[in-house]
Amino acid sequence: MQEPSERGSRASRVGVFVCHCGTNIAGTVDVCRLVEYAGTLPGVALAREYKYMCSDPGQELIQQEIREHGLDRVVVAACSPCLHEKTFRTATAKGGLNAYHFQMVNIREHDSWVHEDKDAALEKAKDLVRAAVRRVRLHQALETKRASINPDVLVVGGGIAGIHAALTLANAGKHVYLVEREPTIGGHMAKFDKTFPTLDCAACILTPKMTAVKAHPNITLWTLSEVTRVEGYVGNYQVNVTRKPRYVLEDLCVGCLECIEACVYQQAKVLDEFNLGLGKRKPIYIPFPQAVPLLVVIDPETCIEFKSHKCKKTCVEICGERNAIDFEQQDRTETIEVGTIILGTGFKVFDARRIPYYGYGTYPNVYTSLELERLVNASGPTGGEVVLRDGRTPKSVGIIHCVGSRDAHTNRYCSRVCCMYSLKLAHLIKEKTEADVYNFYIDMRTPGKGFEEFYNRVAEEGLKLVRGKVADVYPEGNGDGRLVLQVEDTLLGMVRKVPVDMVVLSVGLEAQADAQEVRRMFNITCAGEGFFLERHPKLAPVNTFTDGIFLAGCCQSPKDIPDTVAQAGAAAAEALALIDAGSIEMEPNTAYVLEEVCSGCKTCIPMCPYSAISFLEDKKKAEINEVLCKGCGTCVAACPSGSIRQNLFEDEEIFEEIEGVLTYA
Amino acid sequence: MGTETTLVSEAPCEITLENFLEFPEGRKVLSCIQCGLCAGTCPYGDVMDYPPRRIIAMLRAGMLEKVFHSESLLNCVACYACMAKCPRDIRLTEVLLPLVKEEIFVHLPEVPPELQKALQNTLRYGNPMGESPRKRVAWTKTTDVPIPILGEMSRPVDVLWFVECYTSYHPRGQDNSRALAKIFNGLGIDFAILGNEEKCAGECARLVGEAGLFGTLQDYTMTLFRRYEGRFNRIVTSGAHAYDAFRYQYPALGFDYQVDHTMPFLFQHLEQLKPMLSRKLNYRVTYHDACCLGRHNGFYEEPRALLTAIPGVKLVEMTHNRINSICCGGGGGGMWLDTYYKAKGYERLSERRVKEAVATGADVLAISCPYEVSRFEDAAKVLGYDNKLVVRDISELLAEAMQS
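Residues numbered from 1 in each chain as written. Chains lettered and ligands numbered in written order. Predicted model: local features only at pLDDT ≥ 70, side-chain atom pairs only at ≥ 80, totals over all residues. Heavy atoms only, no water.

## With respect to the pairing of strand E23 (residues 464–467) of chain A
Of the pairings in the sheet, the one linking strand E22 (residues 436–441) of chain A to E23(A) comprises four bridges and is parallel in character. When the sheet's bridge partners are listed, A:Tyr438 is paired in E23(A) with A:Lys464. (Pairing = 2+ DSSP bridges. Helix = DSSP H or I, 4+ residues; strand = E, 2+ residues; numbered from the N terminus.)

Here you go:
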């Protein structure tokens, strides 16, 4: 680290390279005039333009010009540094300069793409280039450091996304911690009956993978557990996992389920969460027969022992010598170290009560699609019988698509899976009840392998398709409990009133209720609609803006099982790429403390989001851990004495840049 | 009247069907997904040749002219149901439908006489029933409390009470005004009315497509407000339609007063009101959400909170309530189209609504919009329910619950 006063004078042989980006930039900004202008700037030895600067010949051009013209600094005016800063730093380094003797100017996203006035766009490009040239002349040589990557991986969420990612990594020989909030893994998929478009049974394809997770020597499975703290950085994360009490000791319970039978509650009386309240369970229970781990769990809210401490504890009695029940169990926190993290935290279904005119929660025979999944499922509360709450078999069923999707009042986006699952439910209901099934849709969206064929097949089974968004659901006046669906059949151009016995609302997918807290904990970003934001929608779909943290499944956006599994595989591959590289290059734009100026006021310490600053008690000075520092600049701005500085963001560099952009040329 | 010309020239460029797509609220029709929710929820959707969905489709296909020659939109009662539910948030009742309606009336061989009379009356007398403008304050002679008139006062007041037409002239509307006077007095509200100077706020003329008439009334009322500038702080009205016009249409002419409908206004005074409601009313009450108040302005819970504050009142809900409420049929000119609808053989919406109210077992149908009392009382009579169900404005119920 050098003192500002010791720094060398301004470099004087800057090369400016302007990219056309096809017509992306050149269509709006007059590249030739920009180059002409750049050539006149003080310290600029040469200015060139090229159609695609990021191409091999473009990069070659930069290297060649550095060598031939003895350039000492490089400015590239092109797209966003998010895309190509690395490319051009590498080219600069290959040309023989320090990679940080480089500055990038974004004249695409910040200029040509957002302006229509070509003259003004050119002036803006000139200002930006001038600022960069002035700044780069002060740039110091910096060295990148490398951080090692811990090969262990944390996977958060035990749905199909987390399961697939965990198994992929474990099969590659990596140790995986799989953390699930619920008592069992399986997620939403475990609740489904059949899966579209092939109609294979969800349990039949999911449970082997669940069992494999349990049996895998490389997977540590923690259910009833939540991540409560994340610290560190790519390759070296420290994570706290809080494990909630199951009141049953995992290593002693053998899953015989005799305690459930023996519970003092003869009848199951508690609404069963797994069946969305359509069935009942006892206070000691397993969520469903194929739960993994197959361990009973006690619900302290309803167990008599927790309420009165006077229960006969017949469960403990029957457990006998196995002694697996422990009413005293408490929260435990495990601290683990991992190098990479995959979030597969899933989604929640849209709360249909938010659309009052569909009558969910008012009329008992209005169901959500997820409730229907449980009703058609052989392991569900009715043993797979599609019956109304009073036990009757419906003779007619209306399925309403797009409930909580494509609607400015709820969610604007299409939830992507509802058309297909609605067709699947229509088929299953018809198969089980021979009822007339109506599907009320706006547009039938079936883009996927075998999807349109499935639509065709179900249509030919005699499905009654009505194109129109249902406007109103109300009971038929005659008191027989039937519900009328009022809708304009837009293809017939007439309003129809269709009486049915059962209404199914095809609810959309939403971000989890706690997505914002999770986002903050993992230091990632949410998009507007609440789902976690990927680093790039096309080219980095499973990466986040935080290195080493990847996304899989519906926590990123609504998607079906095939896409979820594909994304989970991709996230595992991204983690593996980091792990197998063994180490990662760290940006050198870290902050550092000028010890002699630091007054030891400690203002900076609580400000640091990465806990990278510590206080040296002996010297009474702050110290920044270079490895932990992410270069956010918060401490630099906060330091009252100006004693914290930042590589690549030195005061002189920033002031020079500001003056550059503000100087009227 | 000196400020009138300035007012007009200051008004922003008016939205028309020609320049429709240049406005953000107009461009929204381009995003219509033709889902038909508007037609499905429309209380007359089953008898309209061109429900909103088809109007948008015709507009986008450049075939709107065809719609102008149909009578279809005469069935639009401006109830905001289509707009409240539209998944693309298209400003149907606010913007598109009045513009199309205006064209339809231009092309209509004969405007239904009942409606024509009401519009002519409004232009000539400032009220649709054709009553003498000099008798607008007549009702104030029948109250127990004095009703100050702003023009006759030298000091400013807090609240300008904009009474509106039906509540000034109709015998049952006057009941509402007398009740309000009692409540205001009890709450110690410092108020005055405009008296005989007041004219219809014009909202229904606009939603009938009579933009010209609306403009005339609007200019008149704005001039009046300007004349009394500084003499009142805010406006309160029991006219749900007047409230709507003041809130959404008048600001374009520079109207910037705080305006409240009596329901949210009294709700703000609920804690003060509660101890005054000492008489127990053992009524089973169902509440009809007025379109302007509920769907257009989101006041669903305030009227209910006022009702349930009355000791003894048991509130029951109709099948269609809140956003799903069924219009009384009086909006958008429907008030004066009953004969026309009858001739066409359409069910009167007020009758549809009264049937729902009776089905709840309620003995009182509570309302909050002055159009409704005569409509529902008439419907109850036609259906033979007039001995089962009484129609009362919430203000009337509140006043009844106050020991006099």
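That covers the picture; the talk isn't over yet.
## Description of the sheet that holds strand E11 (residues 225–233) of chain A
Residues and elements named next belong to chain A. Across the sheet, which stays open at both edges, the three strands sit in the order E11-E12-E17 with antiparallel pairing between neighbours. Each having just a single partner strand, E11 and strand E17 (332–338) make up the two edges of the open sheet. On average, each strand axis in the sheet is tilted by 20° relative to the strand beside it, whichever way the strands run. Note: E11 against strand E12 (residues 236–243), eight bridges, orientation antiparallel. Residue glycine 232 lies in a different strand from E12, and its bridge partner there is tyrosine 237. (Axes fitted to C-alpha atoms, helices over the stretch in contact; angles between N-to-C directions.)

## Topic: the sheet that holds strand E18 (residues 340–343) of chain A
All names here are of chain A. What the five strands build is an open sheet, ordered E10-E7-E6-E18-E29; its pairing is parallel. Both outer strands of the open sheet, strand E10 (219–222) and strand E29 (549–551), are each paired with one neighbouring strand and no more. For this sheet, the mean angle separating the axes of adjacent strands, direction not counted, is 20°. Sheet analysis places strand E6 (residues 153–156) next to strand E7 (residues 176–179), joined by four bridges and oriented parallel. Counterpart to leucine 154 in the pairing with E7 is tyrosine 177.

## Topic: a negative patch on the surface
Judged by side-chain charge, A:Asp30, A:Glu36, A:Asp117 and A:Asp119 come together as a negatively charged surface patch. Relative to the helices and strands, A:Asp119 resides in helix H5 (residues 118–136). (Patch = residues over 30% accessible without salt bridge, like charges linked within 9 Å, V, L, I, M, F, W, Y side chains within 5 Å. Areas by Shrake-Rupley, 256 points an atom, 1.4 Å probe, with all protein chains shown as cover. Salt bridge = Lys/Arg side-chain N within 4 Å of Asp/Glu carboxyl O. Lys, Arg positive; Asp, Glu negative; His and termini not counted. Charge placed at Lys NZ, Arg CZ, Asp CG, Glu CD.)

## So, the packing of aromatic side chains
How two aromatic rings sit relative to each other is set out by the distance from centre to centre and by the angle between their planes. Evaluated as defined, the whole model comprises 33 aromatic pairs over all chains. With a centroid separation of 5.0 Å and an interplanar angle of 55°, the aromatic rings of B:Tyr44 and B:Tyr341 are classed as tilted. One end of the pair, B:Tyr44, is in the loop between helix H3 (37–41) and helix H4 (52–60); the other, B:Tyr341, is in helix H17 (residues 338–344), and 297 residues separate them in sequence. The class for B:Tyr341 is buried, based on a relative accessible area of 1%. Ring geometry for B:Tyr166 and B:Tyr371: centres 5.5 Å apart, planes at 70°, overall edge-to-face. Of this pair, B:Tyr166 sits in helix H9 (residues 166–169) while B:Tyr371 sits in the loop between strand E7 (364–367) and helix H19 (372–382); the two residues are 205 residues apart in sequence, bridging distant segments of the chain. Given the relative accessible area of 10%, B:Tyr166 is considered buried. The buried category is assigned to B:Tyr371, whose relative accessible area is 11%. Aromatic rings pair up to connect B:Phe162, B:Phe214, B:Phe225, B:Phe232, B:Phe246, B:Tyr250, B:Phe255 and B:Tyr257 into one cluster. Just above the ring of A:Tyr285 sits the side chain of A:Arg281; from NZ or CZ to the centre is 4.0 Å. (Phe/Tyr/Trp six-rings, centres within 6.5 Å; stacked < 30°, edge-to-face > 60°. Buried < 20%, exposed > 50% of the residue type's maximum accessible area, 1.4 Å probe, protein only. Lys NZ or Arg CZ within 6 Å of the ring centre and 35° of its normal.)

## Considering the environment of A:Leu83
Residues and elements named next belong to chain A. With respect to the helices, strands and loops of the structure, leucine 83 is situated in helix H3 (residues 81–94). Overall, leucine 83 belongs to the partly exposed group, its relative accessible area being 34%. Between the C-alpha atoms of leucine 83 and cysteine 54, which are 29 residues apart in sequence, the distance is 9.8 Å. In this view, leucine 83 contacts Arg108, Glu109 and His536; residues no more than four positions away in its chain are not counted. (Contact = heavy atoms within 4.5 Å.)

## Digging into the domain arrangement of chain A
As assigned here, chain A comprises domain 1 (4–144), domain 2 (154–188 + 198–238 + 518–576), domain 3 (258–322), domain 4 (347–510) and domain 5 (590–646). Once you take the C-alpha centre of each, domain 3 of chain A and domain 5 of chain A turn out to be 53 Å apart. (Domains from an automatic or database assignment.)

## Looking at the nonpolar core
By size, the foremost hydrophobic cluster in this structure holds 130 residues, and its most contacted members are B:Leu96, B:Phe225, B:Ile235 and B:Phe246. Per-element accounting of this core gives the leading share, eight residues, to helix H7 (residues 92–107) of chain B. Once you skip the residues sitting within four places of it in the chain, B:Phe246 turns out to touch B:Phe162, B:Ala201, B:Thr221, B:Phe225, B:Ile235, B:Pro251, B:Phe255 and B:Val259. Core analysis: the next-biggest nonpolar cluster, separate from the first, contains 85 residues, A:Ala202, A:Phe274, A:Ala511 and A:Val518 among them. (Core = buried A, V, L, I, M, F, W, Y, C linked by side-chain atoms within 4.5 Å.)

## Structural notes on the interface of chain A and chain B
With 23 residues of chain A at the interface, the matching set in chain B holds 24 residues. Here chain A and chain B share an interface that buries about 1800 Å² over both sides, 52% of which is from carbon and sulfur atoms. Here chain A is connected to chain B by two salt bridges. In this structure, A:Lys497 and B:Asp46 form a salt bridge, with 3.6 Å as the shortest nitrogen-oxygen distance. Scanning the region where chain A abuts chain B turns up twelve residue pairs in polar contact (both at pLDDT 80 or more). Of all elements in the fold, only strand E24 (472–475), strand E25 (483–489) and strand E26 (494–500) of chain A reach the threshold of two or more residues within the side of chain A that touches chain B. Split by residue class, the side of chain A that touches chain B holds eleven nonpolar, five polar and seven charged. (Buried area = accessible area lost by both parts, 1.4 Å probe. Polar contact = N/O pair within 3.5 Å; in protein donor to acceptor, adjacent residues only side chain to side chain. Nonpolar A, V, L, I, M, F, W, Y, C, P; charged D, E, K, R; others polar.)

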